[in-house]
Amino acid sequence: LVDEPTLQVPQAIAEEKDVRRLLLMASGTGIEQQWACALLRVMHVFAHAHSMLEGVHGENIRTQILDRFQPHIHQTPAGLRLGEGADAIPLMHWEMKSRKTPRSIALKLLCKAENVASPVFDRLGVRLITEERFDTLLAIRYLRLNHVIMFANVVPGRSRNTLIDLSELEPQARALDDAVAEGRITAAERLTAMRALVGSLDTPERRVGYNPHTSTAYHSIQFTCRHLIRLGGEGALDRFFFPYEVQITDRHSHELTLRGTGSHDEYKARQRQGAKERVLVNLLKHT
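Residues numbered from 1 in each chain as written. Predicted model: local features only at pLDDT ≥ 70, side-chain atom pairs only at ≥ 80, totals over all residues. Heavy atoms only, no water.

Draft legend 1. Local environment of the overall build of the protein chain. In terms of regular secondary structure, the protein chain is built from eleven helices and seven strands. Across the 287 residues of the protein chain, 41% fall into the buried class. The long-range fraction of contacts in the protein chain, counting pairs at least 24 apart against all pairs at least 6 apart in sequence, stands at 71%. Of the roughly 16300 Å² of accessible surface on the protein chain, a fraction of 53% belongs to carbon and sulfur atoms. (Helix = DSSP H or I, 4+ residues; strand = E, 2+ residues; numbered from the N terminus. Buried < 20%, exposed > 50% of the residue type's maximum accessible area, 1.4 Å probe, protein only. Contact = heavy atoms within 4.5 Å. Areas by Shrake-Rupley, 256 points an atom, 1.4 Å probe, with all protein chains shown as cover.)

Draft legend 2. Examining the sheet that holds strand 5 (residues 160–161) more closely. Read from one edge of the open sheet, seven strands run 1-2-3-4-7-6-5, paired in mixed fashion. Sheet topology places strand 1 (73–76) and strand 5 at the edges, where each strand pairs with a single neighbour. Sheet strands in contact with helix 6 (residues 134–145) are strand 2 (79–82), strand 3 (89–97), strand 4 (125–130), strand 6 (221–230) and strand 7 (239–250), and its direction is about 155° off that of strand 7. (Pairing = 2+ DSSP bridges. Axes fitted to C-alpha atoms, helices over the stretch in contact; angles between N-to-C directions.)

Draft legend 3. The pattern of salt bridges, seen in detail. The full count for this structure, using the stated rule, is ten salt bridges. The salt bridge partner of D18 is R20, with a shortest N-O separation of 3.0 Å. Here R20 falls in the exposed class, since its relative accessible area comes to 59%. A salt bridge links R195 to D135, with the shortest nitrogen-to-oxygen separation between them at 3.0 Å. Linking R195 in helix 8 (residues 187–200) with D135 in helix 6, this pair joins segments that are 60 residues apart in sequence. Given the relative accessible area of 27%, R195 is considered partly exposed. In the salt-bridge network here, residues are joined through shared partners; they are E131, R251 and E255. (Salt bridge = Lys/Arg side-chain N within 4 Å of Asp/Glu carboxyl O.)

Draft legend 4. Representation of helix 5 (residues 102–110) within the structure. Of all nine residues in helix 5, seven are buried; the element is thus mostly enclosed. For helix 5, the set of buried residues is S104, I105, A106, L107, K108, L109 and L110.

Draft legend 5. Examining helix 2 (residues 19–26) more closely. Listing the buried residues of helix 2 in full gives L22, M25 and A26. Across the axial projection of helix 2, the buried residues extend over an arc of 100°, all falling on one side. Residues of helix 2 that are exposed and angled more than 90 degrees away from the buried face: R20, R21, L23 and L24. Taking the backbone nitrogen of R20 as reference, a side-chain oxygen 2.9 Å away marks D18 as the first, capping residue of helix 2. (Arc of directions from axis to C-beta. Polar contact = N/O pair within 3.5 Å; in protein donor to acceptor, adjacent residues only side chain to side chain.)

Draft legend 6. Here's a closer look at the pairing of strand 6. With eight of ten residues buried, strand 6 is to be regarded as a mostly interior element. Across two bridges, strand 5 lies against strand 6 in antiparallel orientation. Across the sheet, residue R160 finds its bridge partner in strand 6, namely Q222. Relative to strand 7, strand 6 runs antiparallel, the two being bridged by ten bridges. When the bridges of strand 7 are listed, H227 appears paired with F242.

If you want it as C-alpha cells, here you go:
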C-alpha cells in the first residue's frame, strides 16, 4: 500500500519484530503511533484472511463444487455448450476461478468499514460467459431446472444484476406471453422477440451496496451459493456449507472488462487506493 514517495515507514516500525512493542507504540503519539496502528490493522486483517476449512479441505471443496457444474458443460463441434440437445446454450467460455490468495482477500477486507467482521463469500467462484445477453437468463434457468444451483442455498443480499434491466423486461415479456396465449404469435416467435428485446435493453442502474471499486463498465449477473461439502467421515466437521460465487455475463460485456476502466488491473488499482485511504488515512493528510 505504501508507494507514495513522500511516505516512508519509520525505521523503528519497519525493523520491529515484537508485536508487543508495536502495541506500545500504537498507544503513544506522533507519526510512529500512526504507523504502528496502520501496521497492526494490516496484520489483524491478514490473520483473518485465512480459511481453516479451505486450508484443510480446499481440494475436496473445489472438487465437489466443480462436480456440480462440469457434467453440464460440453465441447461440441459447434462450440462450447451448457446442456445438450436443441436447447443447449452456447458459451464463449467457462471456468472455475482459482481460490483467492490471502493477499487478495486482505486487500478486499482492508477496503471495508466492517473489516474483519465481513465474511468472504468469493474465495471460490464459477464464471460462465455466454455468446448473447439473452442466453445469460437461459443459463440461470438451466442451472435451476437441473438442480445445479438451488435458490434455497443462495445467500440473501449477495445477488447483483448489472446486466439486464428486469423492470423494463418484465412488462414486455408478459405482453409477449399474452400474445402467445391469444394465438397472435408462436412460441418460437416469442423466443426470437425476447432475444431481440433483451439485446436492446439498457443495463440497470447500480444500487446502494454495489462494490464501489467495480467499474460502471462492468456488467454481469452474480450471486453467492452455499454448497454442502461432505467429507465422508464422522464428527462435527464431516459436513459443512461452503460459499462460492457464480458470475454470468455475455461476450460483449466480458470484452469490456479486458480494457479501460472495466479491466481487472484497473479494478485492483481502485481497490489498492481504497485500502490505502482507509489504512493510512491520517498519514496521507501529512503528505
